[in-house]
Amino acid sequence: MNEKIVKNVGATERIVSVALGAYLLAKGLRRLNYRSVPTLMFSGYLFMRGGLGYCPISKRLGKKDVQTPAINIKAVMTVAKPREFLYNYWRRLSNLPAFMHHLQEVKELNERQSHWVAEVPGIGGKIEWDAEIVKDEPNERIGWQSINGALIRNAGKVEFFDAPRQETEVRIIFSYHPPAGGIGTAAARLFHPIVKGIIENEAYNFKRVIEAGEIPTINGQPSGKRTGKFKLI
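Residues numbered from 1 in each chain as written. Predicted model: local features only at pLDDT ≥ 70, side-chain atom pairs only at ≥ 80, totals over all residues. Heavy atoms only, no water.

J.: Can you walk me through the overall build of the chain in this structure?
T.: The number of helices and strands found in the chain is five helices and eight strands. Put simply, the chain runs from its N terminus to its C terminus through helices and strands in the order α-α-α-β-α-β-β-β-β-β-β-α-β. The long-range share in the chain, meaning contacts at least 24 apart out of those at least 6 apart in sequence, stands at 55%. For the chain, the exposed area adds up to about 13700 Å²; of that, 53% sits on carbon and sulfur atoms. (Helix = DSSP H or I, 4+ residues; strand = E, 2+ residues; numbered from the N terminus. Contact = heavy atoms within 4.5 Å. Areas by Shrake-Rupley, 256 points an atom, 1.4 Å probe, with all protein chains shown as cover.)

Structure below.
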């Protein structure tokens, strides 16, 4: 008699397993050679894990919750606009997709709550969550965090400080918390460079959107060198 498969992987980890498996499959097929075989085999295991909701490794070792490291990204830039103007721009969260390309939509539900739709970096597809503003100090700082059991818990904060020549120093912090467990930890390590690169580019886009009213492109230009008072820490 066949033994019945007992699911031992939660819904959140199943979604992460399939997403991570799709990313590794695409990566392995792009560089198809003997070195890509382990990657393709592991992607197949992840598809099985996500599709069936069963992990034989967890069953043998005994499943234990693992604290997943957060992905923290900080950006600092000087923008040639007053604090009040920049605060008002950020306070209307629906403005964010104008320079954050991976955000498809931010819909403000009321004064404090909003609904976010974003593209998953590196693998496509989309993810949605609700968020609320948890700190709002006019012309100084805005803080928000995901609510209602978001698949990937996240939070953010932007602060505004006076700078010389009537400019403003803007400090932006994004924090992402992948699901707990070994797969969540693997996903965090794998996607950290991707997410970090996205935020770097989008922070730069914010400065250009505000100062020049457009997002620059380097297509057709002899050099992709960027200018402006921008730095990542």
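The rest of the description comes next.
J.: Before we go on, may I ask you to explain a nonpolar patch on the surface in this structure?
T.: The grouping of Val-18, Leu-25, Leu-29, Leu-32 and Phe-47 at the surface amounts to a nonpolar patch, some 420 Å² of accessible area in total. Here the nonpolar patch gets three residues from one element, more than from any other, and that element is helix H1 (residues 11–30). Relative to the helices and strands, Val-18 is located in helix H1. Relative accessible area serves as the criterion here: at 34%, Val-18 is assigned to the partly exposed category. (Patch = residues over 30% accessible without salt bridge, like charges linked within 9 Å, V, L, I, M, F, W, Y side chains within 5 Å. Salt bridge = Lys/Arg side-chain N within 4 Å of Asp/Glu carboxyl O. Buried < 20%, exposed > 50% of the residue type's maximum accessible area, 1.4 Å probe, protein only.)

J.: It is not clear to me how the pattern of salt bridges should be interpreted in this structure. Could you clarify?
T.: All chains considered together, the criterion is met by nine salt bridges. Between Arg-141 and Glu-159 there is a salt bridge, and its shortest N-O distance comes to 3.0 Å. Of this pair, Arg-141 sits in strand E5 (residues 141–147) while Glu-159 sits in strand E6 (residues 153–163), and the two are 18 residues apart along the sequence. A salt bridge links Glu-211 to Lys-207; the nearest nitrogen and oxygen atoms lie 3.0 Å apart. With Glu-211 and Lys-207 both in helix H5 (residues 182–212), this residue pair falls four residues apart, about one helical turn. Residue classification places Glu-211 among the partly exposed positions, given a relative accessible area of 33%. Here the residues in one salt-bridge network are Glu-137, Glu-140, Arg-141 and Glu-159, joined through shared partners.

J.: Can you walk me through the nonpolar core in this structure?
T.: A general feature of soluble globular proteins is that nonpolar side chains tend to end up buried together. In terms of nonpolar packing, the biggest core is built from 34 residues, with Trp-90, Trp-116, Val-170 and Phe-206 touching the most fellow members. Per element, the largest residue contribution to this core is five residues, and it comes from strand E1 (residues 71–79). What Trp-116 contacts, discounting residues up to four positions off in sequence, is Leu-93, Leu-96, Leu-103, Glu-105, Val-106, Ile-127, Glu-128, Trp-129, Ala-131 and Trp-144. (Core = buried A, V, L, I, M, F, W, Y, C linked by side-chain atoms within 4.5 Å.)

J.: What is the right way to look at the environment of Gln-166 in this model?
T.: For Gln-166, the location among the structural elements is in the loop between E6 and strand E7 (167–177). On a C-alpha basis, the gap between Gln-166 and Val-79 in space is 9.4 Å, while along the polypeptide they are 87 residues apart. Residues in contact with Gln-166, not counting those within four places in the same chain, are Lys-81 and Pro-82.

J.: Is there a simple way to think about the pairing of strand E2 (residues 103–108) in this case?
T.: Looking down a regular strand, the side chains alternate between one sheet face and the other. Summarising the sheet, E2 and strand E3 (residues 113–119) pair through five bridges and their orientation is antiparallel. Across the sheet, the residue bridging to Glu-105 is Val-117, located in E3. Between E2 and the antiparallel strand that follows it, E3, lie four residues. (Pairing = 2+ DSSP bridges.)

J.: Can you help me understand unusual backbone geometry in this one?
T.: Glycine aside, residues mostly have negative phi, and peptide bonds are mostly found in the trans state. Positive phi outside glycine occurs at Asn-139, with the angle close to 70 degrees. Residue position: Asn-139 is located in the loop between strand E4 (126–137) and E5. One non-glycine residue, Arg-165, lies in positive phi territory at about 60 degrees. Look at Arg-165 and you get exposed, because its relative accessible area is 64%.

J.: Would you mind going over the confidence of the model for the chain with me for this structure?
T.: Reading fine detail from the predicted coordinates is not recommended where pLDDT is low. In this model, the chain carries a mean pLDDT of 74, and residues with pLDDT of at least 70 account for 59%. For the stretch residues 59–66, pLDDT sits under 50, and the model shows twelve contacts to residues farther than four places along the chain or on other chains. Segment residues 216–233: pLDDT under 50, and 26 contacts once partners within four positions in sequence are set aside and those in other chains are kept. (pLDDT = per-residue confidence, 0-100.)

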